[in-house]
Amino acid sequence: MALTIPDIKRIAHLARIEIDDSAADKTLNKLAGILTLIEEMQAVDTTGITPMSHSQDVVQRLREDVVTATNQREVFQENAPAVDSGLYLVPKVIE
Amino acid sequence: MINQSLKQLSQMLANKEVSSVEMTQTFLDRILKYNPDINAYITQDKDKSLAQAKAADDSIAAGTATPLTGIPIAQKDIFCAKGWRTTCGSKMLETFIAPYDANVITQFNNAGSVNLGKTNMDEFAMGSSNETSYFGGVNNPWDLERVPGGSSGGSAVAVAARLCAAATGTDTGGSIRQPAALCGFTGLKPTYGLVSRYGMIAFASSLDQAGPMAKSAEDCAMMMNVMAGFDERDSTSLNHPKEDYTSRLNQPLAGLKVGLPKEYFAEGLDAGVAKVIDEAIAEYKKLGAEFVDISLPNASLSIPVYYVLAPAEASTNLSRYDGVRYGHRAAEYDDLMGMYMKSRAEGFGDEVKRRILIGTYVLSAGYYDAYYLKAQQIRRLIAQDFTEAYKKCDIIMGPTVPSTAFKIGEKTDDPVAMYLQDIYTIAANLAGLPGISIPAGFSNGLPVGLQIIGNYFDEARMLNAGHAYQQVTDWHTAMPKGIA
């Protein structure tokens, strides 16, 4: 299927990436080539094939429900753009 | 010293012919001299490197050294290393100081190795030329106007130009093997799950795998002894028994059954590369290997499948960069949504954005079955092709890359042409199989890589095949001109 500029803007919004009209136009051209490449898959009959996510068909390991990590809030917050009193600051979301 | 193998360097340290501090300083001096031309390293911290070297010398003096104690290693800037800036080649993480060590880093620290610095890479490992790095491109030492390959381009030229004793890389679709081929050294992508992904910044979690990049198969084996091992902190880590990857290096190759997939020698393979690969095959015949024709009928689907799965997983993994807990935050915004959207628009480069958009699209409502599920199904067909092939042979051989290193800028406007760089490497990632690239000669003065794809957990046999070849050829010892 052919993508349109509104499609690109909708996808960019879902991905939380700001995009202006000229960038959306350029992106459209590049993505069109990639989607054409991807469409080659549709020629393959995959009826009854089990999807594969890990080559070894491993199952998720379980562990005891115990605390394993120590509190390193101060170390982690050194990388944060804005913190105060141990809290991460973001623009106000509740009036 | 710079051309010595890891085994030789280890012996020099053990015999006190040289200290780790002296060895580390030698490489630091070379980085100072050559890095401005090739841009291999993003971040260095000489004080930290030399402190590790001093500690290694103490360990050697105390008799507690292991084979890689005191050996200076370059670490791809995708591995979190405590107290080191860790950028993943992105503006998004330009100021990020890792608060903990990746498992790979812990293993090298436990071995007493020296971290020489963090190497350049395509942004978030998305690229085949190192041109998507926020910190600038990397130049191939065999021809400074050409790319080194990617995404582990900085590690690649650090090995090729002898700006480290060995390096680490990661390989999601070919990011260790393709630059190894283009820069003329040995690079191994292990079986998926063999090396822990803990602390390795995620791109496509079901495909990402760390591995060694070094001058020879023997060096890669010594690196694997440090890197491989079960880690409960990585949910996909495999509980495979510890192996000594050097133990089988010297086995004779007589009777080794090698499969040649017809799809890897078809249209699209450069004639100069094909000639080099044919000569390597002839050399293996002399060593006693037996060749059998095989087919990987779904091989051509690897690229379409990869460009669904990898972007889908990337779009999910990279959603964590929201400008809240770490990473770039835009200077101006109106509200929370605006902060997310502007921070991500500014922090990510074009290729990363493209892949996030593709991934978001294929995972969006109504398209999941047609794209992601379909790709996971074809992925199984691709893996089954290998299972069938290994009924007829022990290892599979072919070219690593269809051509030699291309000119900087040549493919930047055409993502699909860039993606075709990985046409022979991606299938191993999709199937979770180990693959290695070994220098096999030159075409028009540029290195050519021979790829060996092994069965699951068969790294020791692949390294044996590489080592045997490197005993009778000297392609792996060739040095780029101008780098001495």
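Refer to the preceding data block for the structure.
Being a predicted model, the structure only gives us computed values, none of them experimental.

In this structure, S151(B) follows G150(B) across a cis peptide bond, with omega equal to 15°. Structurally, S151(B) is set in the loop between β3 (114-119) and α5 (153-160). Located in the positive-phi region is R16(A), a residue other than glycine, with phi close to 55°. Topologically, R16(A) is positioned in the loop between α1 (5-14) and α2 (21-39). Relative accessible area serves as the criterion here: at 29%, R16(A) is assigned to the partly exposed category. Of note, the phi angle at S85(A) is positive, near 50°, even though the residue is not glycine. Note on placement: S85(A) falls in the loop between β1 (83-84) and β2 (87-88). Classification of S85(A) by relative accessible area gives exposed; the value is 65%.

Counting residues at the interface gives 68 residues for chain B, matched by 48 residues for chain A. Taken together, both faces of the contact between chain B and chain A bury some 5,200 Å²; the carbon and sulfur share is 68%. In this assembly, chain B and chain A are joined by 1 salt bridge. The residue K342(B) makes a salt bridge to E18(A) at a minimum N-O spacing of 3.0 Å. Remark: the boundary between chain B and chain A carries 19 residue pairs in polar contact (both at pLDDT 80 or more). Mapped by element, the contributors of at least two residues to the side of chain B that touches chain A are α9 (302-317), α10 (336-347), α11 (350-363), α12 (369-389), α13 (415-419) and α14 (426-431) of chain B. Sort the elements by how many residues they give to the side of chain B that touches chain A and α12(B) lands first, with 12 residues. The residue inventory of the side of chain B that touches chain A, partitioned by class, reads 40 nonpolar, 14 polar and 14 charged.

This paragraph deals with the packing of aromatic side chains. All names here are of chain B. For the structure on display, the rule yields 18 aromatic pairs over all chains. Seen in terms of ring centroids, Y307 and Y419 are 3.6 Å apart; in terms of plane orientation they differ by 5°. Their pairing is stacked. Separated by 112 residues along the polypeptide, Y307 in helix α9 and Y419 in helix α13 bring together distant segments of the chain. Across this residue pair, the class does not change: Y307 and Y419 are buried. Every member of this aromatic cluster is reached through a ring pair, and the members are F96, F124, Y321, Y326 and F348.

Okay, helix α4 (residues 103-111) of chain B next. Because each turn of an α-helix spans 3.6 residues, side chains separated by three or four positions in sequence point in the same direction. Residue and element names in this part refer to chain B. Taken together, the buried positions of α4 are N103, V104, I105, F108 and A111. On its buried face, α4 sits against β2 (72-76), β4 (166-170), β6 (210-214) and α7 (217-227). Count one or two residues on from α4 and you reach G112, which has phi positive near 85°.

Residues and elements named next belong to chain B. Following the criterion strictly, the structure yields 18 salt bridges over all chains and no others. Across the pair D143 and R146 runs a salt bridge whose closest N-O atoms are separated by 2.9 Å. Taking the relative accessible area as the measure of exposure, R146 reaches 18% and is therefore buried. Residue E351 is joined to R354 by a salt bridge in which the shortest nitrogen-to-oxygen separation is 2.7 Å. In this pair, E351 and R354 both sit in helix α11, 3 residues apart, roughly one turn of the helix.

Attention now moves to the pairing of strand β5 (residues 186-189) of chain B. Residues and elements named next belong to chain B. Burial along β5 is two-sided: the face carrying T186 and L188 and the face carrying G187 and K189 are both buried. As defined by bridge partners, β5 adjoins β6 across 2 bridges and the pair is classed as antiparallel. Following the sheet pairing, G187 is matched in β6 by M213. Inspection of the sheet shows β5 paired to strand β10 (residues 435-443) by 3 bridges, in the antiparallel sense. The residue of β10 that forms the bridge with L188 is I436.

A few words now on the nonpolar core. Grouped together as the largest cluster of nonpolar side chains are 175 residues, with contacts concentrated most on F124(B), Y284(B) and F386(B). What Y284(B) contacts, discounting residues up to four positions off in sequence, is L253(B), A289(B), F291(B), M397(B), I438(B), L450(B), I452(B), A465(B), G466(B) and Y469(B).

A few words on the sheet that holds β4(B). Residues and elements named next belong to chain B. Strand order in the open sheet formed by 11 strands is β1-β3-β2-β4-β6-β5-β10-β11-β9-β7-β8, with mixed pairing between adjacent strands. The open sheet has two edge strands, β1 (41-43) and β8 (290-294), and neither has a second partner. Pairwise comparison of adjacent strand axes, ignoring direction, gives a mean angle of 35° for this sheet. Summarising the sheet, β1 and β3 pair through 2 bridges and their orientation is antiparallel. Across the sheet, residue Y41 finds its bridge partner in β3, namely T119. Each of β1, β2 and β3 touches helix α2 (residues 20-38); the most contacted strand, β3, lies at about 20° to it.

What counts and how
Numbering of residues starts from 1 in each chain and follows the order in which that chain's sequence is written. Chains and ligands are labelled by the order in which they are written, letters from A for the one and numbers from 1 for the other. Owing to the predicted nature of the model, reporting of local features is limited to residues with pLDDT of at least 70; listing and counting of side-chain atom pairs is limited to 80 or more, with chain, interface and lining totals taken over all residues. In computing side-chain values, all of the structure's heavy atoms are included and hydrogens and water are not. Elements are defined by DSSP. Helices are runs of H or I of four residues or more, strands are runs of E of two residues or more, and each kind is numbered from the N terminus. Partly exposed describes any residue whose relative accessible area lies between the buried limit of under 20% and the exposed limit of over 50%, with all areas from a 1.4 Å probe on protein chains only and scaled to the type maximum. Throughout, a contact is declared for two residues whenever any of their heavy atoms are within 4.5 Å. Defined in terms of a 1.4 Å probe, buried area is the accessible area two parts forfeit on being brought together, summed over both. We define a salt bridge as a side-chain nitrogen of Lys or Arg found within 4 Å of a carboxyl oxygen belonging to Asp or Glu. Pairing of N or O atoms within 3.5 Å defines a polar contact, subject to two protein rules: one partner must be a possible hydrogen donor and the other a possible acceptor, and residues neighboring in sequence count only if both atoms are side-chain atoms. Residues are grouped as follows: Ala, Val, Leu, Ile, Met, Phe, Trp, Tyr, Cys and Pro are nonpolar; Asp, Glu, Lys and Arg are charged; all remaining types, including Gly, are polar. For Phe, Tyr and Trp, rings pair up if their centres lie within 6.5 Å, where Trp contributes its six-membered ring, and each pair is then called stacked (planes under 30 degrees apart), edge-to-face (over 60) or tilted (otherwise). In this description, strands pair whenever DSSP reports at least two bridges between them. Side-chain atoms within 4.5 Å link the members of a nonpolar core, which is a set of buried Ala, Val, Leu, Ile, Met, Phe, Trp, Tyr and Cys residues. Structural elements are reduced to axes, namely lines fitted to C-alpha atoms, with helices fitted over the stretch in contact, and the angle between N-to-C directions of any two is expressed from 0 to 180 degrees.

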